[in-house]
Amino acid sequence: MTDVTGVLTLVAIVEFAAGAEAAGQRYEDSVLALLGRHGGHLERRLHGTDGRTEVHMIRFDDRAGYESFLADADRAALRTALGEAAPTTRVIEVREA
């Protein structure tokens with residue numbers, strides 16, 4: 001949900017493919033480094049104790065920034081290069097209670 005200041009807050013739950021955990025983490029390192037291009041900021045990155053999941057709290061200055069991040073050609077190329085080893089991600093828009 002976009003708050004009154006226009007900021008969009010997201011929580012991403014990332015699951016790495018079995019046997020591709022290290023490749024998935026490297027991919028996430030690279031993709032998260034692209035956030036700044038789009039007004040995005042990684043607030044928090046937590047690693048699951050199972051070694052197969054991560055949780056990211058991300059803020060974008062506005063929804064347009066998030067949409068441009070999703071359309072980023074470098075992000076798409078990284079995902080394509082990883083192929084079936086690419087992580088699956090569930091993104092939830094959140095707001096303060």
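Residues numbered from 1 in each chain as written. Predicted model: local features only at pLDDT ≥ 70, side-chain atom pairs only at ≥ 80, totals over all residues. Heavy atoms only, no water.

## Points about the side chain of Thr-9
Relative to the elements of secondary structure, Thr-9 occurs in strand 1 (residues 8–15). For Thr-9, a relative accessible area of 7% gives the class buried. Of note is the side chain of Thr-9, whose polar atom sits 2.7 Å from the side chain of Arg-59. (Helix = DSSP H or I, 4+ residues; strand = E, 2+ residues; numbered from the N terminus. Buried < 20%, exposed > 50% of the residue type's maximum accessible area, 1.4 Å probe, protein only. Polar contact = N/O pair within 3.5 Å; in protein donor to acceptor, adjacent residues only side chain to side chain.)

## As for the environment of Gln-25
Secondary-structure assignment places Gln-25 in helix 1 (residues 21–32). For Gln-25, a relative accessible area of 29% gives the class partly exposed. Distance from Gln-25 to Ala-86, taken between C-alpha atoms, is 9.7 Å for residues 61 residues apart in sequence.

## Some remarks on the environment of Val-7
Here Val-7 is to be found in the segment before strand 1. On the accessibility criterion, Val-7 (22% relative accessible area) is partly exposed.

The values are spatial; any link to function lies outside them.
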